[in-house]
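Examining the three-dimensional arrangement
Chain residues, written in single-letter form:
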Amino acid sequence: MQKIITRFAPSPTGYIHIGNVRSAIYPYLAARQTNGHFILRIEDTDQARYVEGATDLIIDTLKWLGLEWDEGPEVGGDNAPYFQTERREIYLEWAKKLIEKGRAYADPTDSETIQKYRDEDNAKKVPYLYRNHRPETFPEWEEGMPIRFKADPKPREWHDEVMGDLKAGPEVQDDIVLIKKDGLPTYNFAHIVDDFLMHVNMVARGVEYLSSTPNYLALYEAFGIDQPLLVSLPHILAPTGNKKLGKRDGAKSVTAYREDGVLPEAMLNYLACLGWNDGTEQEIYTKEELIEKFSLDRIQNSGARYDEVKLLWMNGQWIRKIVDEQGIDALYPRTEGFWPESAKNYEDEYKKRVLAIIYDRLKTLSDLREMTSYFFEDPKFDIEQLLTNKFVKKFSESELTALLVESISKLESLKTWDEPSLKDALNELLASTGRKPAELFSLIRISVSFAPFSPALDLTLNVLGRETTLARLNKVKTALSLDQQ
Ligand code: GLU
């Protein structure tokens, strides 16, 4: 198999969203699968859109996801530098090569004149193409002067690994700007030069670049360089409708999901499968499995719909997978920062016991905050919550008191406080009271937790311990008895 040399080439223009990251995952997988090379290149030539700190965020996110790069910032490489602003001399030199070949020109036309051309064409209802206004003679290039490509408009045909065989007519090919007034290159030009110099043989990027591809083909041709494999990644669609996923569609930045306790394994898994599948029903993939199974020809060519519910479901699956395969000790260190405030005075061992009985109900690690607080502090005492519970409300307060008295005495009599003894005691209580599990257990569960749900009751009481359990049950019993006086 051909070794894939490819890159992720983000622009540091803001927070890193779901779509950005997916454009990193596919080239990464293709490179790793073929023992190739994955390059990180920072496309920071658009000074107006540059956002301070965005590069650090990109680097941090890729590391978090485990998408390590072979060349790029921090690791260096034969083709350094990897920030385009540090390569401006290279682009200028390459643009000048095209001028020498008669395939580019320095353009002194000012922006007012360009606007005039545009307005004239609009008035005439003809498509605006700069090449129709190309100056007749070109000055020597000097600083501050844009350099434009001299288009060679003709029918073009090419193959896209996702979109198939494509063609475009001359009407979409123009004298695109290569070097801007500020001396920096446009994306259109810089990526062609860099991909060539970095030996890139596969370019995977958003489908929005498809319409410019005929201009890129003309540039490859003008330089006499081989076109890399082109892979257009379809949009990620908003949860409803037919539009591209945007900031307003509830999709958070990758950092926000991370802060919510989404695991990188789940994020990687979810995004890799958002628009790709291996033809089977499998849904949970490790990074290694993705590397093995990934194939370009199974990337779907229509938009994939973003589904946060599915992402969170997958995260829950991953939480379970980690514990089931590697034990609670593998998950525990990753829960740091996700516990309720009140957990901070508790020993690791106790928190591990809590985690061990609750992990299979978590969707994100931050669920721990809400779902475990009663293990660390007395819950807010709310007798109404108890009395309005659908199983508990069937009974009068005196019946409830009697049930609690019997439960307390049974639990008090236990010689050992462990899971099997608690299980037996609860079963015996069911038999002696003649109540259904949902009825008796809801009463006890709410009394000790005042939470909407808890892990299995024997497990919960075991972790809470004898003293806390009995104290909380007694408190409810007392409140109910007082009510009856
Ligand atoms: N800098 C471009 C972007 O962030 C990258 C496109 C490409 O991968 O060539 O959209």
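These remarks concern the structure in this document. (Residues numbered from 1 in each chain as written. Predicted model: local features only at pLDDT ≥ 70, side-chain atom pairs only at ≥ 80, totals over all residues. Heavy atoms only, no water.)

Examining the overall build of the chain
Stated precisely, the cut-off is as follows: The helix and strand labels rest on DSSP assignments: H or I over at least four residues marks a helix, E over at least two residues marks a strand, and numbering proceeds from the N terminus. Put simply, the radius of gyration uses C-alpha atoms, and a globule should come to 2.2 Å times the residue count raised to 0.38. The buried label applies to any residue whose accessible area, calculated with a 1.4 Å probe on protein chains only, is under 20% of its type's maximum; exposed applies above 50%, and partly exposed to all values in between. The contact criterion used is simple: two residues touch if any of their non-hydrogen atoms lie within 4.5 Å. A 1.4 Å probe and the Shrake-Rupley method give the accessible areas. Residues count as covered only by the protein chains that appear here. Only four residue types enter the charge count, namely Lys and Arg as positive and Asp and Glu as negative; His and the chain termini do not. In this description, the location of a charge corresponds to atom NZ of lysine, CZ of arginine, CG of aspartate or CD of glutamate.
From N to C terminus, the chain includes 19 helices and 11 strands. Since a compact globule built from 485 residues should have a radius of gyration of about 23 Å, the 32 Å found for the chain marks it as more spread out than a globular shape. Residues classed as buried in the chain amount to 51% of the 485 residues present. Look at the contacts in the chain between residues 6 or more apart in sequence, and 75% of them connect residues 24 or more apart. On the chain, roughly 23,100 Å² of surface is accessible, and the fraction owed to carbon and sulfur atoms is 49%. In the chain, the 62 positive side-chain charges and the 79 negative ones have mean positions that sit 3 Å from each other.

A few points about empty space enclosed by the protein
We count it as follows: Space inside and on the surface of the protein is sampled on a 1 Å grid over the protein atoms alone, with a cavity defined as a set of points where a 1.4 Å probe fits but cannot get out and a pocket as an open set with protein on both sides within 12 Å along at least 5 of 7 lines; lining residues have an atom within 4 Å of a point. Grid points are joined across faces, edges and corners, and a volume is the space filled by probe spheres set on the points.
In this structure the tally under the stated criterion is 2 cavities of 30 Å³ or more. The space that makes up the largest cavity amounts to roughly 70 Å³. If you go around the largest cavity, the residues you meet are Trp158, Asp160, Val203, Arg205, Gly206, Tyr209, Leu210, Thr213, Leu230, Val231 and Ser232. Elements supplying a minimum of two residues to the lining of the largest cavity: strand 5 (156-160), strand 8 (202-206) and strand 9 (229-233).

Description of the sheet that holds strand 4 (residues 147-149)
Rule in force here: Should DSSP find at least two bridges between two strands, the strands are taken to pair. Geometry is summarised by axes, namely lines fitted to C-alpha atoms with helices restricted to the contacting stretch, and by angles between N-to-C directions that run from 0 to 180 degrees.
One open sheet accounts for 3 strands, arranged 3-4-7; its pairing is antiparallel. The two strands at the open ends of the sheet, each matched to only one other strand, are strand 3 (104-106) and strand 7 (177-179). Going across the sheet, the axis of each strand differs from the next one's by a mean of 35°, ignoring polarity.

What about the site of the ligand?
Keep this limit in mind: Nearness is judged by heavy atoms alone; a residue qualifies as near a molecule or strand once a single heavy atom is within 4 Å of it. For the purposes of these results, a polar contact is taken to be a pair of N or O atoms within 3.5 Å, where, inside protein, one atom must be able to donate a hydrogen and its partner to accept one; residues adjacent in sequence count only when each atom of the pair is a side-chain atom. Cavity and pocket membership follows a simple rule, namely that a molecule belongs there if more than half of its atoms are within 2 Å of the grid points.
Around the ligand, the neighbouring residues are Arg7, Ala9, Pro10, Ser11, Glu43, Tyr187, Arg205 and Tyr209. A distance of 2.7 Å separates an oxygen atom of the ligand from a polar side-chain atom of Arg7. Its free accessible area being 300 Å², the ligand has 82% of it covered by the protein chains. Assessed atom by atom at 2 Å from the grid points, the ligand resides in the largest pocket.

As for the pairing of strand 8
Remark: a regular strand shows side chains that alternate across the two faces of the sheet. Counted only if it meets this: Throughout, right-handed denotes a crossover for which the path from the first strand over the helix to the second runs clockwise when the strands point away from the viewer.
Taken across its 5 residues, strand 8 has 5 buried, putting it largely inside the fold. Bridge count between strand 8 and strand 9: 5 bridges; the pairing is parallel. Counted as the bridge partner of Ala204 is Val231 from strand 9. Taken together, strand 8, helix 6 (residues 213-223) and strand 9 form a β-α-β motif whose crossover is right-handed.

Structural notes on helix 1 (residues 18-33)
Note the cut-off: Each helix should span, by expectation, one fewer than its residue count multiplied by 1.5 Å.
Given a rise of 1.5 Å per residue, 16 residues ought to cover 22 Å, and the 23 Å separating the end C-alpha atoms of helix 1 matches this to within 8%. Among the 16 residues that make up helix 1, 14 are buried, leaving the element largely enclosed by the rest of the structure. Just past helix 1, the residue Asn35 takes up positive phi, approximately 55°.

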